[in-house]
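# Close look at the chain arrangement
Listed below are the residues making up each chain.
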Amino acid sequence: MAMLLLSQHSLSFLHNTTTLSKSNFRPPHNIISCSSSKPSPPSYRTSRRDLILLGLSSSLPIILQSPASHAEEEEEMKMASVVDEINAYTYMYPLELPSQNFVFKWVESRKPERYSSAAPLSPDARLRIVSERIDIIDNLVISVAIGPPNFEIIKSKDKSSWTAKEVADSVLSDKSALRVTSSQRMAESSVLDVHCSEIDGEPYWYYEYLVRRSPTKTVQASNLYRHNVASTVERDGFLYTLNASTLSKEWDKMGPALEKTVASFRLLPSTDSYVPPYKDPWRFW
């Protein structure tokens, strides 16, 4: 296998994208809880040189391997990385599951775009998808959405006091294409797990939830759900959320890969290409 030279920052980034426990959705062990009194780790900064070394700009496949103590339980997973310079974030997504001889069939259904021109997730257009990739064959979706907090749910302006449940409810209250109330949108979802971790001095809120879906021609079961995992972080008064999902019946196979994707989600330092969500709200191009 060809060797890839990584900078110290790059090695740190890869270290922070280790596997989450399959049975209990949690961020990497080296990231402290939001409620911890320990000092935060040194601030993560990414230069263009680091991005090139990581292969982020060209989606170069990278092999992520679990710690040796879990080698017999976990497989190597080939992943590629994405950088959205318009919205200043990055994440990694799976390409292959070698032990299962499985190859993902991703299509970039929405290329990264500014918030003002992005597709709304609800009639009020608060929450909008700024990028998305899907695997239609295997019923997989990875999307990044941006929207303001719902202060009917989150009562405080101080994000350090926000709980993961409040943040999850805020995002889910805006995540529906139906013309229904926020409470009705939330009722469509069943939250399984929530927690918060501090990364580079910023709180990241993680949550796992199910969404009931209508039966399809291929799946007629009355209890059809989509199993979702998500990570949300705040910047410039907006919530940035990476969400990954599959059908509930496929979770045992796909879940660990989607959890790795969510664990890798990070905001990046802004560059000249960064467009804040509040900038030029009237602009649609």
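Nothing here was measured: the structure is a model prediction, and the numbers come from that model. (Residues numbered from 1 in each chain as written. Predicted model: local features only at pLDDT ≥ 70, side-chain atom pairs only at ≥ 80, totals over all residues. Heavy atoms only, no water.)

Turning next to the overall build of the protein chain. Helix and strand counts for the protein chain stand at 5 helices and 14 strands. Expressed as a percentage of its 285 residues, the buried residues of the protein chain come to 51%. Sequence separation of at least 24 residues holds for 57% of the intrachain contacts in the protein chain that already meet a minimum separation of 6. Of the roughly 14,100 Å² that the protein chain leaves accessible, carbon and sulfur atoms contribute 54%. (Helix = DSSP H or I, 4+ residues; strand = E, 2+ residues; numbered from the N terminus. Buried < 20%, exposed > 50% of the residue type's maximum accessible area, 1.4 Å probe, protein only. Contact = heavy atoms within 4.5 Å. Areas by Shrake-Rupley, 256 points an atom, 1.4 Å probe, with all protein chains shown as cover.)

Inspection of every chain in the model, using the stated rule, returns 10 salt bridges. For Arg 110, the salt bridge identified is with Glu 132, shortest N-O distance 3.8 Å. With Arg 110 in strand E6 (residues 107-110) and Glu 132 in strand E8 (residues 128-135), this pair connects stretches of sequence that are 22 residues apart. A relative accessible area of 15% places Glu 132 in the buried class. (Salt bridge = Lys/Arg side-chain N within 4 Å of Asp/Glu carboxyl O.)

A few words on unusual backbone geometry. We note that Ala 88 has phi near 60°; this positive angle belongs to a residue other than glycine. Looking at the element boundaries, Ala 88 is found in the loop between strand E3 (77-84) and strand E4 (89-97).

Below, the discussion takes up the side chain of Ser 231. Among the secondary structure elements, Ser 231 is positioned in strand E12 (residues 225-235). Setting aside chain neighbours within four positions, we find Ser 231 in contact with Tyr 204, Trp 205, Tyr 206, Tyr 240, Thr 241, Leu 242, Val 262 and Phe 265.

Turning our attention to the environment of Asp 124. By the element assignment, Asp 124 lies in the loop between strand E7 (119-120) and E8. For Asp 124, a relative accessible area of 39% translates into the label partly exposed. In the structure, Asp 124 is positioned 50 residues away from Asp 174 in sequence and 8.3 Å away in space, judged by C-alpha atoms.

The next thing to look at is the environment of Val 275. Checked against the element boundaries, Val 275 lands in the segment after strand E14 (266-267). Not counting the four nearest positions on each side in its chain, Val 275 is found in contact with Ile 86, Asn 87 and Arg 114.

On to the packing of aromatic side chains. Scanning the model with the defined rule gives 9 aromatic pairs in all. Summarising the aromatic geometry, the rings of Phe 104 and Trp 106 are spaced 5.8 Å apart at their centres and angled 10° between planes, so their arrangement reads as stacked. The same class applies to Phe 104 and to Trp 106, which are both buried. The residue whose ring lies beneath Arg 133 is Tyr 93, and the NZ or CZ to ring-centre distance is 4.3 Å. (Phe/Tyr/Trp six-rings, centres within 6.5 Å; stacked < 30°, edge-to-face > 60°. Lys NZ or Arg CZ within 6 Å of the ring centre and 35° of its normal.)

Time to look at the nonpolar core. By size, the foremost hydrophobic cluster in this structure holds 38 residues, and its most contacted members are Tyr 91, Tyr 93, Phe 104 and Tyr 240. Taken together, the elements giving at least two residues each to this core come down to E3, E4, strand E9 (140-147), strand E11 (202-212), E12, strand E13 (238-247) and helix H5 (251-263). The leading source of residues in this core is E4, at 6 residues. When residues no more than four places from it in sequence are discounted, the contact partners of Phe 104 are Pro 94, Leu 95, Glu 96, Leu 97, Asp 135, Leu 140, Met 254 and Ala 257. If you look at the next biggest cluster of nonpolar residues, it comprises 18 residues, including Ile 129, Ala 164, Val 167 and Ala 168. (Core = buried A, V, L, I, M, F, W, Y, C linked by side-chain atoms within 4.5 Å.)

The buried count for helix H3 (residues 164-173) comes to 8 of 10 residues, which makes it a mostly enclosed element. Those residues of H3 that sit buried are Ala 164, Val 167, Ala 168, Asp 169, Ser 170, Val 171, Leu 172 and Ser 173.

Counted residue by residue, H5 has 11 buried out of 13 residues, so it is predominantly covered. Where H5 is concerned, the buried positions are Trp 251, Met 254, Gly 255, Pro 256, Ala 257, Leu 258, Glu 259, Lys 260, Thr 261, Val 262 and Ala 263.

Okay, the confidence of the model for the protein chain next. Of the residues in the protein chain, 64% have a pLDDT of 70 or more, and the chain-wide mean is 76. Low pLDDT, under 50, characterises residues 1-23; the predicted model gives this stretch 49 contacts beyond four residues in sequence or across chains. Here residues 177-186 scores under 50 on pLDDT; set against residues more than four positions off or in separate chains, the count is 20 contacts. (pLDDT = per-residue confidence, 0-100.)

We now examine the side chain of Asn 87. Counting through the fold element by element, Asn 87 comes out in the loop between E3 and E4. You can call Asn 87 buried: its relative accessible area is 0%. Of note is the side chain of Asn 87, whose polar atom sits 2.7 Å from the side chain of Asp 84. Contact partners of Asn 87, with chain neighbours within four places excluded, come to Glu 113, Arg 114, Tyr 115, Val 130, Ile 146, Arg 235, Tyr 240, Tyr 274 and Val 275. (Polar contact = N/O pair within 3.5 Å; in protein donor to acceptor, adjacent residues only side chain to side chain.)

Let us look at the environment of Leu 258. Mapped onto the elements, Leu 258 comes out in helix H5. Linking Leu 258 and Val 229, residues 29 residues apart in sequence, is a C-alpha distance of 7.3 Å. Setting aside chain neighbours within four positions, we find Leu 258 in contact with Leu 140, Val 229, Ala 244, Ser 245, Thr 246 and Trp 251.

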